[in-house]
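# Observations on the three-dimensional arrangement
Listed here are the chains, written in short residue letters.
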Amino acid sequence: MKDKILDQNRAPLYEALQSFRDMRVVPFDVPGHKRGRGNPELTDFLGEACVSIDVNSMKPLDNLCHPISVIREAEALTAQLFGAQNAFLMVGGTTSSVQTMILSTCKRGDKIILPRNVHRSVINALVLCGAIPVYVNPEVDLRLGISLGMKRDQVAKAIADHPDAVAVLVNNPTYYGVCSDLKAIVDMAHAAGMYCLADEAHGTHFYFGDQMPLSAMAAGADMSSVSMHKSGGSLTQSSLLLIGPAIPEGYVRQIINLTQTTSASYLLMVSLDISRGTWRSAGKRPLRRSLKWLTMPEKKSTPSVATMPSGVN
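Structural notes, computed from the coordinates. Residue indices follow the written sequence of each chain, beginning from 1 at its first position. With pLDDT at 70 or above as the cut-off, local features in this predicted model cover only qualifying residues; side-chain atom pairs require 80 or more to be listed or tallied, and sums for whole chains, interfaces and linings still use all residues. Each side-chain value is worked out from all heavy atoms of the structure, with water and hydrogens disregarded.

### Details of helix H7 (residues 152-161)
Remark: exposure states derive from per-residue accessible area (1.4 Å probe, protein chains only) relative to the maximum for the residue type, with buried under 20%, exposed over 50%, and partly exposed in between. Strands are runs of DSSP state E lasting at least two residues, helices are runs of H or I lasting at least four, and both sets are numbered from the N terminus onward. Every buried residue belonging to H7 is among Val 155, Ala 158 and Ile 159, and all of these are buried. Down the axis of H7, the sector holding all buried residues measures 100°, keeping them to one side. With respect to the buried face of H7, the exposed residues turned more than 90 degrees away are Asp 153, Lys 157 and Ala 160. For this analysis, residues touch if any pair of their heavy atoms sits within 4.5 Å. Tucked into the core, H7 has its buried residues touching strand E2 (111-115), strand E3 (132-136), strand E6 (167-171) and helix H8 (182-191). What the arc measures is the spread of directions leading from the helix axis to the C-beta atoms.

Below, the structure written as structure tokens:
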């Protein structure tokens, strides 16, 4: 796909599903609802347009386990837009993306440096592969009662104390919206011969804003898990895994296929393809509008008695 000219105005998987729907193929395979005909209650609830593209992998629609056509092109377009070497459409949520990052870079007995306030998917990945966590304890904002990001000196000390670690994982941002100095951490990790992995479950918007913190790919991280469904507009459980040039694409695909379903949902995948196209066409305008509203001075007003809630004296 690298030698093919990419057109960001296209949504290849969406186009393929539209064409397949127009073909009016009679289904003799799974899923059992037969594009809604076998389950009218489901069709009434979700709509015929939805269930008609809840289909099985087949030649015109490619296969997520080993994409060679429209899915692969959708992934190439995603990689280009996000500034990654390669991208993978994920249908197991960002949990699956995070676990793939760790399983791709760590094996049993390897050390990985990470903050205490990681998502449970990180801990579960360590259980699966047998890697050993080296925890950095972020400080706590006592006024807000939330954990902060990792400080540069904390990461530097962890690297110095554990030079045999294979990777550093960073929340970008944390689940409370706090960012670490990602570029500095990436540089420290690479200088020590370690990978830098980023959990960007809540950082999709970093790729599409003017005044946003640095995204993982822009900072030079090796892998990033991006929750498109959280703030990117795709369907719940759809996600992206982005990788840099130091990570072998084929090996990552093998790791993904260890745990990801062989019956990938085309509803989830096409929502990623459409959302990527939406951000491509909208550019930075949506976030500019949001920032404008956030930075507008508050208007002072005194509510009249008639507009005050009942029970207020």
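Having seen the structure, we can now continue with the description.
### Considering the pairing of strand E8 (residues 223-226)
Because side chains alternate across E8, one face comprises the buried residues Met 223 and Ser 225, and the other comprises Ser 224 and Val 226, equally buried. Bridge count for strand E7 (residues 195-200) against E8 is four bridges, and the pairing is parallel. Across the sheet, residue Asp 199 finds its bridge partner in E8, namely Ser 225. Sheet topology places E8 next to strand E9 (residues 239-243); four bridges connect them, and they run antiparallel. The residue bridging Met 223 from the neighbouring strand is Ile 243, located in E9. One requirement defines pairing of two strands: DSSP has to find at least two bridges between them.

### Topic: the pairing of E7
Burial analysis of E7 places five of its six residues in the buried class, the great majority of the element. Tracing the backbone out of E6, into H8 and back to the parallel element E7 gives a crossover that is right-handed. Handedness of a crossover is defined as follows: orient the strands so they point away from the viewer, and if the path from the first strand over the helix to the second runs clockwise, the crossover is right-handed.

### With respect to the pattern of salt bridges
Put simply, a salt bridge is a Lys or Arg side-chain nitrogen that is within 4 Å of an Asp or Glu carboxyl oxygen. Evaluation of the coordinates by the stated rule reveals 11 salt bridges. Two residues, Arg 10 and Glu 15, come together in a salt bridge whose shortest N-O distance is 2.5 Å. Judged by its relative accessible area of 29%, Arg 10 is partly exposed. A salt bridge links Lys 107 to Asp 110, with the nearest nitrogen and oxygen atoms 3.6 Å apart. Here Lys 107 falls in the exposed class, since its relative accessible area comes to 56%. Overall, the relative accessible area of 13% leaves Asp 110 in the buried class. Look at the salt bridges and you will find they share partners, linking Arg 10, Glu 15 and Glu 73 into a network.

### With respect to the packing of aromatic side chains
For any two aromatic rings, the description comes down to two numbers: the centre-to-centre distance and the angle of the planes. Two aromatic rings, drawn from Phe, Tyr or Trp (for Trp, its six-membered ring), form a pair once their centres lie within 6.5 Å of each other, and the interplanar angle then sorts them: stacked below 30 degrees, edge-to-face above 60, tilted otherwise. Counted under the stated rule, the structure contains three aromatic pairs. With 5.3 Å between their ring centres and 85° between their planes, Phe 82 and Phe 208 make a pair best called edge-to-face. Highlighted residues: Phe 82 in helix H4 (residues 70-82) and Phe 208 in the loop between E7 and helix H9 (216-219), separated in sequence by 126 residues. The pair formed by Phe 82 and Phe 208 is uniform in burial state, with each residue classed as buried. On the numbers, 4.6 Å between centres and 15° between planes, the contact of Phe 208 with Trp 279 is stacked. Of this pair, Phe 208 sits in the loop between E7 and H9 while Trp 279 sits in helix H12 (residues 266-282), placing them 71 residues apart in sequence. Residue Phe 208 is classed as buried on the basis of its relative accessible area of 5%. Residue Trp 279 is classed as buried on the basis of its relative accessible area of 12%.

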